[in-house]
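# Structure at a glance
These are the residues of each chain, in order.
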Amino acid sequence: MTAVRTVPSSTGRVARPVRWWRRPWIAPLAAVTGVFLVTTLPRYVGLDPALSLVPTDRGPAFYPALVTHILAGSVMLTAGVLQLWPWLRARHPGVHRWSGRTYVAAALVTGLAALVTAQFPSAGAGQQVANTFLAVLLLVCTLLGFRAARQRRFAHHREWMVRSAALAFSIVTNRFWAPVLILVYAPGALTDGDVAFGDPRIEGAAVASAWVSWVVNLLVAEWWLHRGTSGRARRR
Ligand code: HEM
């Protein structure tokens, strides 16, 4: 499978064909996202608060906002995988445009609903601030990426959308960081089955993972976007 980029690179030159093995992350990303959605969604599609992984007794606005953001978030992640797939982008630009619009619409709903859920934190102010920042940054990066595409500034479009996707997929990396940080803050809690909301050690882990999940993703995205640019720019 060979992907040929149809959008100009940031230098304005048309990029050379990209072989699939130069993009080895797309299949693992799709697989991890699929596993995340299949294991998460059953708890929420039946609209039964008792099945929720997190406590839902946080006022009447919380559960509707949580379910809205999870359903829209699932659409956003699915469209996000399609958007990041270089082969599909190059060979089927029409699909890229439509799944891009779907991604943007779903990101707006996810971000706005998450702005509501973030104001009812289960682990205090640190988690509230982390999630509020995440929601605002998701909205801002997505809207700037959409505007850049409408203005045909494709290099900027790509940069903002990579940042948006890094933030969107923080819920997936959270599934890695949360248990690691529980091991750090409350060693033994996972093996003893002693993970309880209200336990200050678990709250500490929840706050830390709320930050680490998106900050690390954003740092990796920035490295990805700017890797080698200084050396290449110097040579040019
Ligand atoms: C990127 C912006 C996002 C923000 C700011 C955000 C924010 C939040 C907040 C505040 C909660 C409640 C956590 C608590 O207090 O216990 C939550 C839970 C949840 N969110 Fe998001 N979220 C975002 C993206 C996503 C996406 C893309 C999905 C994908 C489906 C998602 C799926 C979930 C799920 C399943 C829960 C329930 C708890 C769990 O199973 O981990 N979120 N989110």
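Anyway, here's the lowdown on the structure attached to this text. (Residues numbered from 1 in each chain as written. Predicted model: local features only at pLDDT ≥ 70, side-chain atom pairs only at ≥ 80, totals over all residues. Heavy atoms only, no water.)

### A closer look at the nonpolar core
Test applied: Nonpolar cores were defined as sets of buried Ala, Val, Leu, Ile, Met, Phe, Trp, Tyr and Cys residues, with membership established by side-chain atoms within 4.5 Å. Here's how the labels work: a residue is buried when its accessible area is under 20% of the maximum for its type, exposed when over 50%, partly exposed in between, all with a 1.4 Å probe on protein chains only. In this text, helices come from DSSP runs of H or I with a minimum length of four residues, and strands from runs of E with a minimum of two, each type numbered from the N-terminal end. Whether two residues are in contact is decided by their heavy atoms, any of which lying within 4.5 Å being enough.
Core analysis: the biggest nonpolar cluster contains 24 residues, and Met-76, Leu-77, Tyr-103, Leu-167, Ala-168, Phe-169 and Trp-214 have the highest contact counts within it. Elements with a contribution of two residues or more to this core: helix H1 (26-40), helix H3 (62-84), helix H5 (93-117), helix H6 (125-150), helix H7 (154-168) and helix H10 (200-226). The residues touching Phe-169, leaving out its near neighbours within four places in the chain, are Leu-29, Thr-33, Leu-77, Gly-80, Val-81, Leu-84 and Asn-217. Counting seven residues, the second largest nonpolar core, distinct from the first, contains Leu-181, Ile-182, Ala-186 and Ile-202.

### With respect to the pattern of salt bridges
Inclusion rule: The term salt bridge refers to a side-chain nitrogen of Lys or Arg lying within 4 Å of a carboxyl oxygen of Asp or Glu.
The full count for this structure, using the stated rule, is three salt bridges. A salt bridge links Arg-163 to Glu-159, with the shortest nitrogen-to-oxygen separation between them at 3.7 Å. In this pair, Arg-163 and Glu-159 both sit in helix H7, four residues apart, roughly one turn of the helix. Residue class for Arg-163 comes out buried when judged on its relative accessible area of 11%. On the basis of relative accessible area, Glu-159 is assigned to the partly exposed category, the value being 22%.

### Some remarks on the packing of H5 against H6
Inclusion rule: All axes here are fitted lines through C-alpha atoms, helices being fitted over the stretch that makes contact, and every angle between N-to-C directions spans 0 to 180 degrees. Each angle gets one of four labels, with under 35 degrees taken as roughly parallel, over 145 as roughly antiparallel, 65 to 115 as roughly perpendicular, and the rest as oblique. Handedness of each helix crossing follows the sense of rotation of the near helix against the far helix: counterclockwise by less than a right angle gives left-handed, clockwise gives right-handed. Under the scheme applied, nonpolar residues are Ala, Val, Leu, Ile, Met, Phe, Trp, Tyr, Cys and Pro; charged residues are Asp, Glu, Lys and Arg; polar residues are all the others, including Gly.
In the contact formed by H5 and H6, the axes pass within 9 Å of each other and the chain directions differ by 155 degrees. With respect to H6, the element H5 is oriented roughly antiparallel. Viewed along their axes, H5 and H6 form a crossing whose handedness is left-handed. Along its contact with H5, which presents Arg-101, Tyr-103, Val-104, Ala-107, Leu-108, Gly-111, Leu-112, Ala-114 and Leu-115, the element H6 presents Thr-132, Ala-135, Val-136, Leu-138, Leu-139, Thr-142, Leu-143, Phe-146 and Arg-150. Residues that form the contact of H5 with H6 fall into these classes: 13 nonpolar, three polar and two charged.

### Overview of the coordination of the iron atom of the ligand
The criterion, for reference: A donor here means any N, O or S atom no more than 2.8 Å from the metal (3.2 Å for Na, K and Ca); water is not included, so a site may seem to lack partners.
Protein coordination of the iron atom of the ligand rests on one atom only, His-69 (NE2), at 2.0 Å. Secondary-structure assignment places His-69 in helix H3.

### Details of the site of the ligand
To be explicit about the condition: Near, as used in this document, describes a residue that has one of its heavy atoms within 4 Å of the molecule or strand being considered. N or O atoms within 3.5 Å of each other form a polar contact, as long as, within protein, one can give a hydrogen and the other can take it, and as long as residues adjacent in sequence are counted only when both atoms are side-chain atoms.
Taken together, 27 residues lie around the ligand, and Arg-58, His-69, Ser-122, Asn-131 and Arg-175 are the ones closest in. Here an oxygen atom of the ligand sits 3.4 Å away from a polar atom, N or O, in the side chain of Tyr-44. Arg-175 is positioned with one of its side-chain polar atoms (N or O) 2.8 Å from an oxygen atom of the ligand. Within the residue set of the shell around the ligand, elements represented by two or more residues are H1, H3, H5, H6, H7 and helix H8 (170-185). When grouped by side-chain class, the residues that make up the shell around the ligand number 16 nonpolar, nine polar and two charged.

### Let's talk about the side chain of Asn-217
Within the element layout of this structure, Asn-217 appears in helix H10. At 2.9 Å, the side chain of Asn-217 forms a polar contact with the backbone oxygen of Ala-166.

### Describing H5
For the record, the criterion: For a helix, the expected span equals 1.5 Å multiplied by the residue count minus one.
Here H5 contains 25 residues, and its C-alpha end-to-end distance of 35 Å stays within 8% of the 36 Å for a straight helix at 1.5 Å per residue. Listed in full, the buried residues belonging to H5 are His-96, Ser-99, Gly-100, Tyr-103, Val-104, Ala-106, Ala-107, Thr-110, Gly-111, Ala-113, Ala-114 and Thr-117. Buried residues belonging to H5 abut H3, helix H4 (86-91), H6 and H7.

### Overview of the packing of H1 against H8
For the pair H1 and H8, interaxial distance at closest approach is 10 Å and the crossing angle is 80 degrees. Between H1 and H8, the angle falls in the class roughly perpendicular. Residues Val-32, Phe-36 and Thr-40 of H1 form the contact with H8, whose participating residues are Ile-171, Val-172 and Arg-175. When grouped by side-chain class, the residues that make up the contact of H1 with H8 number four nonpolar, one polar and one charged.

### Focus on the packing of aromatic side chains
Cut-off, in case you're wondering: Ring pairs shown here join Phe, Tyr and Trp side chains whose ring centres sit within 6.5 Å, with only the six-membered ring taken for Trp; geometry is labelled stacked below 30 degrees between planes, edge-to-face above 60, and tilted in between. Counted as over-ring charges are cases with an Arg CZ or a Lys NZ within 6 Å of the ring centre that also lie within 35 degrees of the ring normal.
Under the criterion given, the structure shown has seven aromatic pairs. Ring centres of Trp-25 and Trp-224 lie 6.1 Å apart, and the angle between their planes is 90 degrees; on these two criteria the pair is classed as edge-to-face. Taken together, the residues Trp-25 in the loop between strand S2 (18-19) and H1 and Trp-224 in helix H10 connect sequence positions 199 residues apart. Residue class for Trp-25 comes out partly exposed when judged on its relative accessible area of 29%. The exposure class assigned to Trp-224 is partly exposed, which follows from its relative accessible area of 23%. These aromatic residues form a ring-pair network of at least three members: Trp-25, Trp-223 and Trp-224. Sitting over the ring of Trp-160, Arg-163 keeps its end group 4.5 Å from the ring centre. Positioned over the ring face of Trp-224 is Arg-227, at 3.9 Å from the centre of the ring.

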